[in-house]
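Now for the letters of each chain:
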Amino acid sequence: MGFLNKLFSKKLDLQSQDASSIYTFYIEDIFTIKTVGCIVVGIVKGADIRVGDEVYIIDTNGNRLQSKVMGMENPRVGKMNIAPVGSNVGILLSDIEAKDLNRGDILTNEKKIN
């Protein structure tokens, strides 16, 4: 990564998160593919989801788990790098197991507010 890319990426990290870029994804189904990992299924709301996004899963008690979007797929379109608002997608998550999630949990990119 070049000098300017490093400079601008640091600046972006320091900026507050724009409300129009925050998404919510209510988990409708959860399953595991043995050699791949944990997949959650639902509909994208609020903003587009991208492969590589750092995400948080919030359960009904307000507990937060952290993960990363490793891949996405839509039954009609196939594999996707960006899931637009309104898309019904399956999302592959890293470092999380299906047993840690429940239907109705919320996947979001909203950072924790202290």
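Residues numbered from 1 in each chain as written. Predicted model: local features only at pLDDT ≥ 70, side-chain atom pairs only at ≥ 80, totals over all residues. Heavy atoms only, no water.

1. A word on the nonpolar core
Okay, so step 1: Within the largest apolar cluster, 20 residues are counted, with the highest numbers of intra-cluster contacts made by Phe25, Val40, Ile49, Ile91, Leu93 and Leu107.
Okay, so step 2: When contributions to this core are tallied by element, the ones reaching two or more residues are strand S3 (37-45), strand S5 (54-58), strand S6 (64-74) and strand S9 (88-93).
Okay, so step 3: Setting aside anything within four residues of it in sequence, one finds isoleucine 91 in contact with Phe25, Cys38, Ile39, Val40, Ile49, Val69, Gly71 and Met72. (Core = buried A, V, L, I, M, F, W, Y, C linked by side-chain atoms within 4.5 Å. Buried < 20%, exposed > 50% of the residue type's maximum accessible area, 1.4 Å probe, protein only. Helix = DSSP H or I, 4+ residues; strand = E, 2+ residues; numbered from the N terminus. Contact = heavy atoms within 4.5 Å.)

2. Regarding the pattern of salt bridges
Okay, so step 1: A full pass over the atoms with the stated rule returns 2 salt bridges.
Okay, so step 2: Lysine 99 serves as the salt-bridge partner of glutamate 97, at 4.0 Å between the closest nitrogen and oxygen.
Okay, so step 3: Since its relative accessible area comes to 44%, glutamate 97 is described here as partly exposed.
Okay, so step 4: Looking at lysine 99, the relative accessible area reads 66%, which means it is exposed.
Okay, so step 5: In this structure, lysine 99 engages aspartate 100 in a salt bridge whose closest nitrogen and oxygen atoms are separated by 3.4 Å.
Okay, so step 6: Residue classification places aspartate 100 among the partly exposed residues on the basis of a relative accessible area of 37%.
Okay, so step 7: Through salt bridges with shared partners, a single ionic network connects Glu97, Lys99 and Asp100. (Salt bridge = Lys/Arg side-chain N within 4 Å of Asp/Glu carboxyl O.)

3. Quick look at the pairing of S5
Okay, so step 1: Relative to S6, S5 is paired through 5 bridges, and the arrangement is antiparallel. Residue pairing in the sheet places isoleucine 58 in a bridge with arginine 64 of S6.
Okay, so step 2: Where S5 hands over to S6, the hairpin turn is made up of 5 residues, of which glycine 62 adopts a positive phi near 90°.
Okay, so step 3: Pairing of S5 with strand S10 (residues 106-108), which is carried by 3 bridges, proceeds in the antiparallel orientation. Looking at the pairing, isoleucine 58 lines up with isoleucine 106 of S10. (Pairing = 2+ DSSP bridges.)

4. Thoughts on the confidence of the model for the protein chain
Okay, so step 1: The share of residues in the protein chain with pLDDT of 70 or more is 81%, and the mean pLDDT across the chain is 85.
Okay, so step 2: Taken as a whole, residues 3-16 scores under 50 in pLDDT and shows 2 contacts with residues more than four places along the chain or in a different chain. (pLDDT = per-residue confidence, 0-100.)

5. Here's the deal with the environment of glycine 37
Okay, so step 1: By secondary structure assignment, the location of glycine 37 is in strand S3.
Okay, so step 2: Separated by 59 residues in sequence, glycine 37 and isoleucine 96 have C-alpha atoms that sit 8.1 Å apart.
Okay, so step 3: With residues up to four places along the chain from it excluded, the contact list for glycine 37 reads Phe31, Thr32 and Leu92.

6. Thoughts on the packing of aromatic side chains
Okay, so step 1: Scanning all chains against the criterion turns up 0 aromatic pairs.
Okay, so step 2: The lysine or arginine in question, arginine 64, covers the ring of tyrosine 56, its NZ or CZ lying 4.7 Å from the ring centre. (Phe/Tyr/Trp six-rings, centres within 6.5 Å; stacked < 30°, edge-to-face > 60°. Lys NZ or Arg CZ within 6 Å of the ring centre and 35° of its normal.)

7. Focus: the side chain of asparagine 109
Okay, so step 1: In this fold, asparagine 109 is placed in the segment after S10.
Okay, so step 2: With relative accessibility at 11%, the residue asparagine 109 sits in the buried group.
Okay, so step 3: Of note is the side chain of asparagine 109, whose polar atom sits 3.0 Å from the backbone oxygen of serine 21.
Okay, so step 4: Of the polar contacts made by the side chain of asparagine 109, one reaches the backbone nitrogen of tyrosine 23; its length is 2.9 Å. (Polar contact = N/O pair within 3.5 Å; in protein donor to acceptor, adjacent residues only side chain to side chain.)

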